[in-house]
Amino acid sequence: MKNILITGGAGFIGSHVVRLFVTKYPDYHIINLDKLTYAGNLANLKDIENYPNYTFVKADICDYDTICELFKRYDIDGVIHLAAESHVDRSIKDPFTFARTNVMGTLALLQAAKMHWNGQWEGKRFYHISTDEVYGALDFDDTFFTETTKYDPHSPYSASKASSDHFVRAFHDTYGMPTIVTNCSNNYGPYQFPEKLIPLFINNIRHGKPLPVYGKGENVRDWLYVVDHARAIDIIFHNGKIADTYNIGGFNEWKNIDLIKVIIKTVDKLLGNPEGTSERLITYVTDRAGHDLRYAIDSSKLKNELGWEPSLQFEEGIEKTVRWYLDNQEWMDNITTGEYEKYYESMYGVK
Ligand code: NAD
Ligand code: DAU
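The text that follows walks through the structure, step by step, so that each part is easy to find. The structure displayed is predicted, hence computed values, not measured ones. (Residues numbered from 1 in each chain as written. Chains lettered and ligands numbered in written order. Predicted model: local features only at pLDDT ≥ 70, side-chain atom pairs only at ≥ 80, totals over all residues. Heavy atoms only, no water.)

## Some thoughts on the packing of helix α6 (residues 197-206) against helix α10 (residues 314-327)
The following threshold applies: Here the axes come from fitting lines to C-alpha atoms, over the contacting stretch only for helices, and the angles between their N-to-C directions go from 0 to 180 degrees. In this description a helix means any DSSP run of H or I spanning at least four residues, a strand means any run of E spanning at least two, and both kinds are numbered starting from the N terminus. Orientation labels follow simple angle bins: below 35 degrees gives roughly parallel, above 145 gives roughly antiparallel, 65 to 115 gives roughly perpendicular, and whatever is left gives oblique. Note on convention: near helix rotated counterclockwise from far helix by under a right angle means a left-handed crossing. Clockwise means right-handed. Contacts between residues were defined by any pair of non-hydrogen atoms, one from each residue, lying within 4.5 Å. Throughout this entry, Asp, Glu, Lys and Arg are counted as charged residues, while Ala, Val, Leu, Ile, Met, Phe, Trp, Tyr, Cys and Pro are counted as nonpolar. The remaining residues, Gly among them, count as polar.
Orientation of α6 relative to α10, taken along the N-to-C sense of each, is 55 degrees, at an axis distance of 10 Å. In terms of orientation, α6 and α10 fall into the oblique class. α6 and α10 meet at a crossing whose hand is right-handed. Counting all contacts with α6, which are made through I198, P199, I202 and R206, the residues of α10 involved are I318, T321, V322, Y325 and L326. In terms of residue class, the contact of α6 with α10 is built from seven nonpolar, one polar and one charged.

## Description of the site of ligand 1
Applied cut-off: Residues are classed as near a molecule or strand on a simple rule: at least one heavy atom within 4 Å of it. We call two N or O atoms a polar contact when they sit within 3.5 Å, provided that within protein one can donate a hydrogen and the other can accept it, with sequence-adjacent residues counted only if both atoms are side-chain atoms. Note on areas: Shrake-Rupley with a 1.4 Å probe; residue coverage comes only from the protein chains shown.
Among the 28 residues in the neighbourhood of ligand 1, the closest are listed as I13, D34, S86, Y157 and K161. Within the backbone of L36, one N or O atom sits 3.5 Å away from an oxygen atom of ligand 1. One of the side-chain N or O atoms of K161 is found 2.6 Å from an oxygen atom in ligand 1. Relative to its unbound accessible area of 830 Å², ligand 1 is 96% covered by the protein chains. Among the elements of the structure, α1 (12-24), β5 (125-131), α5 (156-175) and β7 (186-188) are those that each provide at least two residues to the shell around ligand 1. At three residues, the largest contribution of residues to the shell around ligand 1 is made by β5. Of the residues assigned to the shell around ligand 1, the class counts are 13 nonpolar, eleven polar and four charged.

## Examining the sheet that holds strand β6 (residues 179-184)
The criterion, for reference: For two strands to count as paired, DSSP must find a minimum of two bridges between them.
Ordered by their spatial adjacency, seven strands build an open sheet running β3-β2-β1-β4-β5-β6-β10, and the pairing between neighbours is parallel. Each edge of the open sheet is held by one strand with a lone partner, namely β3 (54-58) and β10 (245-248). Direction aside, the axes of adjacent strands within the sheet are offset by 20 degrees on average. Docked against the sheet, α5 engages β5, β6 and β10, running at close to 155 degrees with respect to β5. Together, β1 (3-7), β4 (78-81), β5, β6 and β10 form the strand contacts of helix α7 (residues 226-239), whose direction differs from that of β5 by roughly 145 degrees.

## Quick word on the sheet that holds strand β11 (residues 253-255)
Reading across from one edge, β7-β9-β11 is the order of the three strands in this open sheet, with mixed pairing throughout. In this open sheet, the two strands that pair with only one neighbour each are β7 and β11. Looking at each pair of strands side by side, their axes are set apart by 50 degrees on average, direction ignored. Sheet topology note: the β7/strand β9 (residues 220-225) ladder contains three bridges and is parallel. If you follow Y188 over to β9, its bridge partner there is Y225. Packing against the sheet, α7 makes contact with β7 and β9, and its axis sits at approximately 70 degrees to β9.

## What about the pattern of salt bridges?
Note on pairing: side chains with opposite charge can pair once their charged atoms come close. Stated precisely, the cut-off is as follows: Any carboxyl oxygen of Asp or Glu that lies within 4 Å of a side-chain nitrogen of Lys or Arg is treated as forming a salt bridge with it. Remark: exposure states derive from per-residue accessible area (1.4 Å probe, protein chains only) relative to the maximum for the residue type, with buried under 20%, exposed over 50%, and partly exposed in between.
Under the definition given, this model contains 15 salt bridges. One salt bridge in this structure joins D228 and R231, with 2.5 Å as the shortest N-O distance. Highlighted residues: D228 and R231, both in helix α7, separated by three residues, approximately one helical turn. The exposure class of D228 is buried, given its relative accessible area of 1%. One salt bridge connects R323 with E319, and the closest N-O pair in it is separated by 3.0 Å. Note that R323 and E319 are positioned in helix α10 at a spacing of four residues, about one turn of the helix. By relative accessible area, which is 40% here, R323 ends up partly exposed. The class for E319 is partly exposed, based on a relative accessible area of 23%. One connected set of salt bridges, linked through shared partners, spans K35, D60 and R100.

## Things to note about the site of ligand 2
The environment of ligand 2 is made up of 24 residues, and the closest members are T131, D132, Y157, P212 and R288. A distance of 2.9 Å separates an oxygen atom of ligand 2 from a polar atom in the backbone of L197. Protein coverage of the free-state accessible area of ligand 2, which is 680 Å², stands at 95%. Broken down by secondary-structure element, the contributors of at least two residues to the shell around ligand 2 are α6 and β8 (211-214). Grouping the constituent residues of the shell around ligand 2 by class yields ten nonpolar, eight polar and six charged.

In structure tokens form, the structure reads like this:
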């Protein structure tokens, strides 16, 4: 395969996937298609933007005619589809945008791939990146989500991702398209948009702002370092079984409030503050509507079949992450000032 279309490559996970593919596979032409919504940021790819095997195209995945034209222009062999609206809180306020991008956008890409490949499936692949949230919520004493767990999405975000997963599988079952779906747990690491828990809290601690903990802070998430997710995507894109599903996770569950205390401790340490200084910033706020209690992924299939495991221990990953955000304050300031500042105030009612 030579011409790979990566959608959403200017976002958080997508930028790590683009970087990995551009630097590891000089024989591939990587076409990064991104609409550059509020979450897309070409500064995430500054270090690789001049590579000869990299092309950026600003486009909307919902624009079917443009997508068809791009498949033709670049003779696309493989798709790694990450473009999406990804923030649960936004989906609660504005579900239509999530249905449009995540469902109709995925459908437009599938249909464009189908038209371009025209039944010649040899060497082709459509790889869709999904989330563990489609499986719903676990109780504290449940085991893990596996690849056979029934879909039970609760938020407009997870409902839209579940719907897109179904469309991808339907294109395999109906037309024979070589598809793969993976469902991953919460990612953390550099370049994550600071509306998500970890970068938001690192930045707020640095500025002495309140840390809005939803509900009692008891919800549990399973955290994976983003570079390990990108490594898994590389392995699965090349060696995963067609029409199969793989769960990707870190076996690394944290109750939100415990994770928040680790973040506080790490930021205070790196800023030279006495231990516990920023705990006063913890502010319990109204819970997220329909807040899923616990996500936990069983990724043993991926380990047993394709040999993937997370490479980084959480303690190392979180320190690396905090250090990155503190060292890249300009990246953060460029995002958190201006338009986003106004949005943040209107969303959370605080400065
Ligand atoms: P993100 O919000 O950081 O980035 C999304 C990217 O998609 C942005 O660059 C944005 O500009 C682009 N985009 C949005 N709408 C578009 C459109 N209509 N056309 C073209 N581009 C568009 O998201 P992320 O956290 O990097 O997530 C990437 C993918 O991984 C998503 O599909 C998400 O559902 C999935 N996922 C995320 C996580 C996580 O923890 N962040 C975990 C599992 C799965
Ligand atoms: O599980 C995978 C999913 O992880 C991805 O599919 C989503 O795209 C990604 O955004 C993430 O969803 P979450 O809702 O789990 O992530 P978020 O960072 O928004 O929140 C993590 C937890 O922290 C969640 O239980 C809500 C809580 N939280 C979040 C924010 C932003 C707070 O308590 N306060 C906050 O201000």
